[in-house]
Amino acid sequence: MASPLSFTGFVWKNLKRRRLRSLLTLCGIGMAIGAFVGLVGFSHAFEQGWQSIYSSSGIDIAVIQQTFLNTSVDEAAGAKLKALPVVAQATPMIYNLMDLTPEVNALVYGWKADSFEFQSLKVLSGRRFQDGQAEVMLGDLLAEDLKKQVGDTMEIQGTPFKVVGIYHGGSGLEAGAVIMPLDQLQQLSSMQGKVSTYHVRLRPTPRGMSAEAYRKEAQAEIEAALPGLRAMPATERANNNQFVRMAQGSAWGTSLIALLIGILGIANTMAMSVFERTREIGVLRSLGWKRRQVLVLIELEAGLLGLGGGLLGIVLGWCALHVLAILPQTASIASSSFPWALAVEALGLAVLAGLAAGALPAWRGAKLAPVEALRHV
Amino acid sequence: MSDATLEVRDLHKSYDEGRIEALRGVDLKIAAGEYVVITGQSGSGKSTLLHLLGGLDRPTSGEVRFRDARLCTATDLDSYRAESVGFVFQAFHLLPTLRAIENVQVPMLALNHPRADRAARARALLEEMDMGHRAEQYPNQLSAGERQRVAVARALANDPEILLADEPTGNLDSVNSAHIMEILIGLQRRRGMSLIVVTHEQEIARAAPRLIRMRDGKVEA
Ligand SMILES: Nc1ncnc2c1ncn2[C@@H]1O[C@H](COP(=O)(O)OP(=O)(O)OP(=O)(O)O)[C@@H](O)[C@H]1O
Ligand SMILES: [Mg+2]
């Protein structure tokens, strides 16, 4: 015994009628959403990696150059920073992305041997490097990747370095990085006298003051003492970092293009389906269906295609993230935990894409005059 | 006040910016529960008149009145079609993706019929058409005569007062034709519906209690 026909049941049957076409459309939008989940998820993981570097080493504020083109800070700023009463510790650092071998490129940090940032690292074997020496420490993931041990030498941009320690870092980003003396990296990247940023730990928040207010005050104080530089909360710095921004930019750019193609796919499918069903739409109208109901019918079909594509896309994205978490090139960045919030966002995006794609065909279908539609052959 | 269910006054309908005049001044009254047959040559405007009577289209000038109220706005026409009119077409026009019983429920979706009632009501209508045993079939699994009986059940879905049939027997053999006409006239009698049938068939026309002949967009005297 058949259950009562419902609006959604009708929608479902219409999609099922053109099974192959519906499936292909689903794949189109699914790929787009998959790209979105994979790429944006990956860039989120990247951002989180940075964030945990800051939080695990207890950094409150990063001092950076304000201008877009000039991204380095003069080393002279260090002394002034340390003289400020709110500042407990300030340590300079440089970071850069470098090719270590033709296949492997990694983040290279330049730290001072006495930097407080070492506190968040666990030295697994060997020791800390010494300032002024051609020595490096490797993250455990990277060391494994490069098959290097304490005592080995390796060449970075033509200069030989001795591996003196292997460490485990608080974040995946650190696990895949190289750390060397600040002065060595300054030489390698021709940044004598310059650093990328100063990381600042503040003195404890005074009683009766909120941490937030205290940090704001400290920011203002630092910026007043060092004109031209900017004091950024560490959390903000993590997603404002040039690498993170680049990753996010390309992730969104690529997925938007994919999404646009997916939307065009649904729009094409729905336009064809409305055209083929012109007479059926006339029949519906002759049976008393209102324009609005025809519109809703077609929009529901398009929305359902979007929803199905979204679900498929989440599965694809999930697979992509898993593959990225396994591949040696990306394992240090991709986290294996699935970004559920992003998946929900992607599903919403997919449904919206479907509705947007269906809007024009739906409007055209609803606009058909019943008699004309019935006469259609 | 008039006792007519449907009344048209000086109805004109032209196409192609007036180049084609399908209706050229039709006046007509149809009483509640009346059975009327419309005949006339091909192109004389029968379908056009039926479409205007059924609220599927709007006249170029003149008016269609239902229960003494003029149908003017699009919403008037939508709810008039949904609640008061049932259409039967020559080509059946069943939806191919839906089973017979689901096809019968399509007009119910236009109104907010309680969900639970729909299937039961559709089944009862199919049984009334002697089609209960074919309720789960798809249209392409049915014979022409069976399809038209499903279409009649569908036309009755919202319990309309007016049944409009445009050459309902045009695609049927003589046995099925007679059967469908029997069903339609039976419905008109039992339910007290107004029944308007457009046809070319002399036999149907001869048997009609009231016959309207059309010629060149007008009713012949
Ligand atoms: N949409 C349209 N555009 C142009 N002309 C039309 C349109 N619809 C109908 N006509 C014309 O209006 C006239 C009446 O058409 P109608 O369909 O009402 O005739 P009919 O009496 O039902 O004919 P038949 O018996 O062949 O079905 C015809 O000349 C037809 O060509
Ligand atoms: Mg006709």
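The residue numbers shown here count from 1 along each chain, following its written sequence. Labels are handed out in written order, letters beginning with A for the chains and numbers beginning with 1 for the ligands. Given that the model is predicted, a residue must reach a pLDDT of at least 70 before its local features are reported, and side-chain atom pairs must reach 80 or more before they are shown or counted; all residues, however, enter totals for whole chains, interfaces and linings. With hydrogens and water stripped out, all remaining heavy atoms of the structure feed into the side-chain values.

## Some words on the confidence of the model for chain B
Note the threshold: Within a predicted model, pLDDT stands for the predictor's per-residue confidence, ranging from 0 to 100.
Confidence along chain B averages 94 in pLDDT terms, with 99% of residues attaining 70 or more. Interface confidence in the predicted complex, given as ipTM, is 0.94; pTM for the same model is 0.79.

## Here we look at the environment of Ile29(A)
Residues and elements named next belong to chain A. Heads up, the condition is: Helix numbering and strand numbering both begin at the N terminus, where a helix is a DSSP run of H or I of at least 4 residues and a strand a DSSP run of E of at least 2. Three labels apply to residues, based on accessible area from a 1.4 Å probe with only protein chains included: buried if under 20% of the type maximum, exposed if over 50%, partly exposed otherwise in between. Between two residues, a contact is recorded if the distance between any of their heavy atoms is within 4.5 Å.
Within the fold, Ile29 resides in helix 2 (residues 19-56). Exposure remark for Ile29: the relative accessible area of 0% places this residue in the buried category. Along the chain, Ile29 and Leu305 lie 276 residues apart, while their C-alpha atoms are 8.2 Å from each other. In this structure, Ile29 is in contact with Leu259, Gly262, Ile263, Ile266, Leu305, Gly309 and Ala353, ignoring residues within four places of it in sequence.

## Points about the pattern of salt bridges
Quick note on the threshold: Salt bridges, as used here, are contacts in which a Lys or Arg side-chain nitrogen is within 4 Å of a carboxyl oxygen on Asp or Glu.
According to the stated counting rule, one finds 25 salt bridges over all chains in the structure shown. Here Glu102(B) and Lys13(A) are joined by a salt bridge, their closest N and O atoms 2.8 Å apart. With Glu102(B) in helix 3 (residues 100-110) and Lys13(A) in helix 1 (residues 7-17), this pair bridges two chains. Like Glu102(B), the residue Lys13(A) is buried in the burial classification.

## Details of unusual backbone geometry
Residue and element names in this part refer to chain B. Even without glycine at this site, Asp68 takes up a positive phi of about 70°. For Asp68, the position within the fold is in the loop between strand 4 (61-66) and strand 5 (69-70). Although it is not a glycine, Phe92 sits at a positive phi angle of roughly 65°. Look at Phe92 and you get buried, because its relative accessible area is 9%.

## Re the environment of Thr199(B)
All names here are of chain B. The following threshold applies: A 3.5 Å cut-off defines polar contacts: any pair of N or O atoms within that distance qualifies, except that in protein one atom must be a possible hydrogen donor and the other a possible acceptor, and neighbouring residues in sequence count only when both atoms are side-chain atoms.
Position of Thr199 relative to the elements: it lies in the loop between strand 8 (194-198) and helix 7 (202-207). Overall, the relative accessible area of 2% leaves Thr199 in the buried class. With sequence-adjacent residues up to four places away left out, Thr199 is seen in contact with Val37, Ile38, Thr39, Glu167, Thr169 and Ile204. Reaching out from Thr199, the side chain makes a polar contact with the backbone nitrogen of Glu201 at a distance of 3.0 Å.

## Focus on the site of ligand 1
Where we set the bar: Working definition: residue near molecule or strand if any one of its non-hydrogen atoms lies within 4 Å of it. Here the Shrake-Rupley method, with its probe set to 1.4 Å, supplies the accessible areas, and only the displayed protein chains count as covering residues. In this classification, the charged set is Asp, Glu, Lys and Arg, the nonpolar set is Ala, Val, Leu, Ile, Met, Phe, Trp, Tyr, Cys and Pro, and all remaining amino acids, among them Gly, are polar.
Close to ligand 1 lie 15 residues, the nearest being Arg375(A), Ser42(B), Lys46(B), Ser47(B) and Thr48(B). More than a single chain frames ligand 1: its nearby residues are located in chains A and B. Here a nitrogen atom of ligand 1 and a side-chain polar atom of Glu372(A) are 3.5 Å apart. Burial of ligand 1 by the protein amounts to 73% of the accessible area it has alone, namely 640 Å². Residue assignment for the shell around ligand 1 shows that the elements contributing at least two residues are helix 13 (370-375) of chain A together with strand 2 (20-31) and helix 1 (46-53) of chain B. Looking at the shell around ligand 1, the element that brings in the most residues is helix 1 of chain B, giving 3 residues. For the shell around ligand 1, a count of residues per class yields 3 nonpolar, 8 polar and 4 charged.

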